[in-house]
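Read off the chains here:
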Amino acid sequence: MMLLEDKDIIYLDNNATTRIAPEVFEAMTPYLRDYYGNPSSSYSFGKQVHTAVERAREQVAALISCEPKEIFFTSCGTESDNAAINAALQVTGHKHVITSGVEHSAVKNHGEYLERLGYAVTYLPVSSDGTLQLKELENAIRPDTAIVSLMWANNETGVLFPIREAAEICQSKKILFHTDAVQCPGKIDISVKDSGINFLSLSGHKLHAPKGVGVLYVKRRTKFIPYVMGGHQEKGKRGGTENVASIVGLGKAAELALAKLQEEASHTRTLRNQLETGILEKVAETSVNGHPESRLPNTTNISFHRASAEKILVGLNEKGICASAGSACTTGSMEPSHVLTNMGLSQDKAFGSVRFSFSRYSDEAQVATTLEALPKVVEQSRS
Ligand code: PLP
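What this report covers is the structure whose coordinates are included nearby. These numbers were taken from a predicted model, which means no experiment stands behind them. (Residues numbered from 1 in each chain as written. Predicted model: local features only at pLDDT ≥ 70, side-chain atom pairs only at ≥ 80, totals over all residues. Heavy atoms only, no water.)

What follows is about the sheet that holds strand E10 (residues 299-304). Taken in spatial order, the three strands line up as E9-E10-E12 in an open sheet, and their pairing is antiparallel. The sheet terminates laterally at strand E9 (286-288) and strand E12 (353-357), the two strands that pair on one side only. Direction aside, the axes of adjacent strands within the sheet are offset by 25° on average. When E10 meets E12, the two strands line up antiparallel, connected through five bridges. Residue pairing across strands places Ser303 opposite Ser353, the latter belonging to E12. Its contacts with the sheet put helix H9 (residues 309-318) on E10 and E12, and the angle it makes with E12 is roughly 45°. (Pairing = 2+ DSSP bridges. Helix = DSSP H or I, 4+ residues; strand = E, 2+ residues; numbered from the N terminus. Axes fitted to C-alpha atoms, helices over the stretch in contact; angles between N-to-C directions. Contact = heavy atoms within 4.5 Å.)

This is the structure:
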């Protein structure tokens, strides 16, 4: 099979994964090639690697305005999500979890597994624009609630949840609060300072760092029981020899995401709006899914009525354009997106919806080419 490269494609699927930033790649290379010591070793060759991991911890802490000692490296966003919920259940001994009906499978499938084990899980509903009413959260809290886990931004629609307010409600009721902020870095401010957030998850590959590295923020004085048990790495909170090069890369990526936040958000918002307006103008029977303002600047989710998203994606792929239907993890299955059905979309609109997501590397020429290709591709998918 001929391998496609970045230059061959138009990549509008940055919520699925992102390109590694050149600065990140450069920062990582020495730790793949030269500095291979184990950060736990006591000699200088190991200690210098430990220093690099600690520098990355500082960089990630700066991104979310917390203390470096509140940051723990994991293998991915999924592990961080699982670890937070698991810790809350173990520490409290309580049997009830509250989440939403539109979470990523990292939380959704864990919730369904917990239900099979006999735990109770409440999935809060969302409005037709994908937003969450805090009243729903207040009403769902029970004396045996162990944790509330709500995503900061939805991966399919980009819709934002009122995370600081939700965390405050939980703090006032002494209930642990976790947020999956995997989609947020470089797009919105996710400072946890002075918030009631106990746990926050991040994933390297969504912010121009490599795949296979994640972060769990654990607020100071929040009790924690590790999910991956083993050695004393990460102060005993996560066993396993550190993925040093990727951690170094994630640190650099966090530094860039913080430094470029305004610039990147405004760049992706401009491109997203150009594409969205262009589609609504050029392609009949289309509508945007999700709240028009309260969403990530880089994401649009569009329903092409009476069309098959699967066919649209095939048509786009033939032209080298990458987008997705539902979340990347459900592509290939014929289930309509649980996010869109929870928002009350008809099966027709859910099956015909496509997500386009931008990054700092997207440009206007890519939007123009996509807008040129889409009317024909959609027409064919409708016939
Ligand atoms: N949470 C959200 C909102 C996501 O979008 C993703 C990835 O798509 C994850 C969690 C899982 O992250 P990872 O791929 O690092 O396990």
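Near the ligand you find 13 residues, and of these Gly77, Thr78, Asp180, Ser203 and Lys206 are the closest. Interatomic distance of 2.6 Å between a side-chain N/O atom of Asp180 and a nitrogen atom of the ligand. Between the ligand and Gln183 there is a distance of 2.8 Å, counted from an oxygen atom to a side-chain nitrogen or oxygen. Contact with the protein chains hides 89% of the accessible area of the ligand, taken as 390 Å² for the molecule alone. (Near = heavy atom within 4 Å. Polar contact = N/O pair within 3.5 Å; in protein donor to acceptor, adjacent residues only side chain to side chain. Areas by Shrake-Rupley, 256 points an atom, 1.4 Å probe, with all protein chains shown as cover.)

A word on empty space enclosed by the protein. As enumerated under the stated definition, the model contains three cavities of 30 Å³ or more in all. As a volume, the largest cavity reaches approximately 100 Å³. Forming the boundary of the largest cavity are 15 residues, of which Pro185, Lys187, Lys206, His208 and Glu264 lie nearest the centre. By residue class, the composition of the lining of the largest cavity is four nonpolar, seven polar and four charged. Every residue along the wall of the second largest cavity is listed here: Phe72, Thr74, Glu79, Ala83, Leu216, Phe224, Tyr227, Val228, Lys237 and Arg238. Put simply, the parts of the chain that give the lining of the second largest cavity at least two residues each are strand E2 (71-74) and helix H3 (77-92). (1 Å grid on protein atoms, 1.4 Å probe; cavity = no way out; pocket = protein on both sides within 12 Å on 5 of 7 lines; lining within 4 Å. Points joined across faces, edges and corners; volume = space filled by probe spheres on them. Nonpolar A, V, L, I, M, F, W, Y, C, P; charged D, E, K, R; others polar.)

What follows deals with helix H6 (residues 163-172). Listed in full, the buried residues belonging to H6 are Ile163, Ala166, Ala167, Ile169 and Cys170. Relative to the axis of H6, the buried residues are bounded by an arc of 155° and lie together on one face. In this structure, H6 carries Glu168 and Ser172 as exposed residues pointing more than 90 degrees from its buried face. On its buried face, H6 is in contact with helix H5 (134-140), strand E5 (145-151) and strand E6 (176-180). Lys174 lies just past H6 and shows a positive phi near 60°. (Buried < 20%, exposed > 50% of the residue type's maximum accessible area, 1.4 Å probe, protein only. Arc of directions from axis to C-beta.)

As far as function goes, none of this settles anything; it's purely spatial.
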